[in-house]
Amino acid sequence: MCGKKIIMAIDDDVNLTKINEIMGEQYDVRLCRSAKMGISMLERSGVDMILLDIEMPEMDGYEAIRILKTQPHTRDIPVIFLTSHADGEHELKGLELGAVDYISKPFSPPLLKKRVELHLLLESQNHRLQEYNNNLQQMVEAKTQKALRLQDSIMKTVAGLIECRDGFTGSHIERTQLYLKILMTSLIERGIYWELVGAWDMKLLLDSSQLHDVGKIAVKDSILMKPGKLDLEEFEEMKKHVPFGVAVIEKIQKFNQDDEDNDFFEHAKIFAAAHHEKWDGSGYPLSLAGENIPLQGRLMAIADVYDALTSQRSYKKAFSHDAAVQIMEKGGAAHFDPMLTDIFLEKASEFKNISGV
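Below is a short write-up of the structure. Numbers given for residues are sequential positions, taken from 1 along each chain in its written order. pLDDT decides what is reported in this predicted model: residues at 70 or higher carry local features, side-chain atom pairs at 80 or more are listed and counted, and totals for whole chains, interfaces and linings draw on all residues regardless. The side-chain values count all of the structure's non-hydrogen atoms but skip hydrogen atoms and water molecules.

**Quick look at the pattern of salt bridges**
Using the following cut-off: A pairing counts as a salt bridge when a side-chain nitrogen of Lys or Arg comes within 4 Å of a carboxyl oxygen of Asp or Glu. Helix numbering and strand numbering both begin at the N terminus, where a helix is a DSSP run of H or I of at least 4 residues and a strand a DSSP run of E of at least 2. Burial here depends on accessible area, computed with a 1.4 Å probe over protein chains only, as a share of the maximum for the residue type. Under 20% is buried, over 50% is exposed, and the range in between is partly exposed.
Tallied over the full model, the rule gives 15 salt bridges. A salt bridge links Arg30 to Asp28; the nearest nitrogen and oxygen atoms lie 2.9 Å apart. Note that Arg190 and Glu346 form a salt bridge whose closest N and O atoms lie 2.3 Å from each other. Taken together, the residues Arg190 in helix H6 (residues 172–190) and Glu346 in helix H15 (residues 338–346) connect sequence positions 156 residues apart. Arg190 gets classed as partly exposed once you look at its relative accessible area, which sits at 35%. Glu346 gets classed as exposed once you look at its relative accessible area, which sits at 51%. Here the salt bridges share partners, and the residues they tie into one network are Glu250, Glu266 and Lys269.

**Remarks on the side chain of Gln177**
Test applied: Whether two residues touch is decided by their heavy atoms; if any such pair falls within 4.5 Å, the residues are in contact.
Looking at the element boundaries, Gln177 is found in helix H6. Take Gln177: its relative accessible area is 12%, and that puts it in the buried class. Discounting chain neighbours no more than four positions away, the residues touching Gln177 are Leu206, Asp207, Ser209 and Gln210.

**Considering helix H14 (residues 321–335)**
Quick note on the threshold: One fewer than the residue count of a helix, multiplied by 1.5 Å, yields its expected span. Working definition for bend: take the seven residues up to and ending at a residue and the seven starting at it, fit an axis to each, and measure the angle between the axes.
Over its 15 residues, H14 extends only 18 Å from the first C-alpha to the last, a length that falls short of the 21 Å expected when each residue adds 1.5 Å. Taken as a whole, H14 carries its principal kink of about 35° at Glu329. Residues of H14 that are buried include every one of His321, Ala324, Val325, Met328, Gly332 and His335, and no others. Its buried side turned inward, H14 meets helix H13 (295–310), H15 and helix H16 (348–355).

**Thoughts on the packing of H13 against H14**
Condition: Convention adopted: a line fitted to C-alpha atoms gives each axis, helices being fitted over their contacting stretch, and angles between N-to-C directions are expressed from 0 to 180 degrees. An angle counts as roughly parallel when it lies under 35 degrees, as roughly antiparallel when it exceeds 145, as roughly perpendicular when it falls between 65 and 115, and as oblique in every other case. Working rule for handedness: look at the near helix, and if it is turned counterclockwise from the far one by less than a right angle, call the crossing left-handed; if clockwise, right-handed.
Running from N to C, H13 and H14 point in directions that differ by 140°, and their axes come no closer than 10 Å. Between H13 and H14, the angle is such that the two are oblique. As for the relative orientation of H13 and H14, their crossing is right-handed in sense. Mapping the contact onto sequence places Ile302, Val305, Tyr306, Leu309 and Thr310 in H13 and His321, Ala324, Ile327, Met328 and His335 in H14.

**Let's talk about the packing of aromatic side chains**
Spelled out, the test is: Each Phe, Tyr or Trp ring (for Trp, its six-membered ring) is paired with any other whose centre lies within 6.5 Å, and the angle between the two planes then decides the class: stacked below 30 degrees, edge-to-face above 60, tilted in between. For a ring to carry a charge above it, either NZ of a lysine or CZ of an arginine must fall within 6 Å of the ring centroid while also lying within 35 degrees of the normal to the ring plane.
Per the stated rule, a full pass over the model turns up eight aromatic pairs. Centroid distance Tyr179 to Tyr306: 5.2 Å. Interplanar angle 90°. Geometry classified as edge-to-face. Of the two residues, Tyr179 sits in helix H6 while Tyr306 sits in helix H13, which places them 127 residues apart along the sequence. Taken together, the ring pairs connect Tyr179, Tyr306, Phe344 and Phe351 into an aromatic cluster. Taking NZ or CZ as reference, Arg298 lies 4.8 Å from the ring centre of Tyr193, over its face.

Next comes the structure, spelled out in structure tokens:
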């Protein structure tokens, strides 16, 4: 006898005995004379197949299969109906309820045995196929995660090269990501700008912010690391890092057609294009004002300015946290989105913990 377990719920001693004789040597057969008893047996142990008579007292086969298909531990067990009804209407009803086969009585014992063997084989193959699909999905996910880690590593490396050229003293990219996370989390908690924020993948958004200054790679060292204030001509050259950064990201984007990666690059382009715009329209490169500035740019403006103030640069010493907050609060009406300024002021201590000043 093999390990396959079969429940036979049949209200017919003659057929019950006949089926047990032809199936008992090959399978572990459990006999019962009512559908209720069969369902009760399933609660105590699992089985591989159910042979279910339709005409039974208390609960007929149709009612029994409806119950079986609603229970997580029984809904996938193959059910073969046995019935004296030989018309198509009853057969169709049984199949629509989820039976895998429908055998009319009187039946041929060898034919019944073959059908049971066939459906058990199909069920076994389905299980193996599902396992294969699960393993394949795990492999795809593992490779996807590996690719994402590689992409993130490349982006961090590019951002790190820009930091080195810019003369930053610390991990500007990492800190701005953490500042953005504080602001984003607060927006979500308060439901502010939810029509935008609710549709964003926060990790993807934060990862894409690494490229906000990628255009600085094209700025001359003499300007990028000048120890004093830039003159008008130099500042105009510095401002070109914004459109150049957008162009770089667009060039990378052309080589990638994946939808999720496309979202990544779209966010990255907006961060690069809009983080120097100001609420009053005095920013660059497009002099956008108010909510015409994309939200990503308004978020990065706060993170970027705070980090610039609290970091030592080639042209200035680092401000203290309190001094930076005062400067941002004083100039906030002109530079920043008022709602984001309020959140920044509420969360200033968390910014301080990250900046370390």
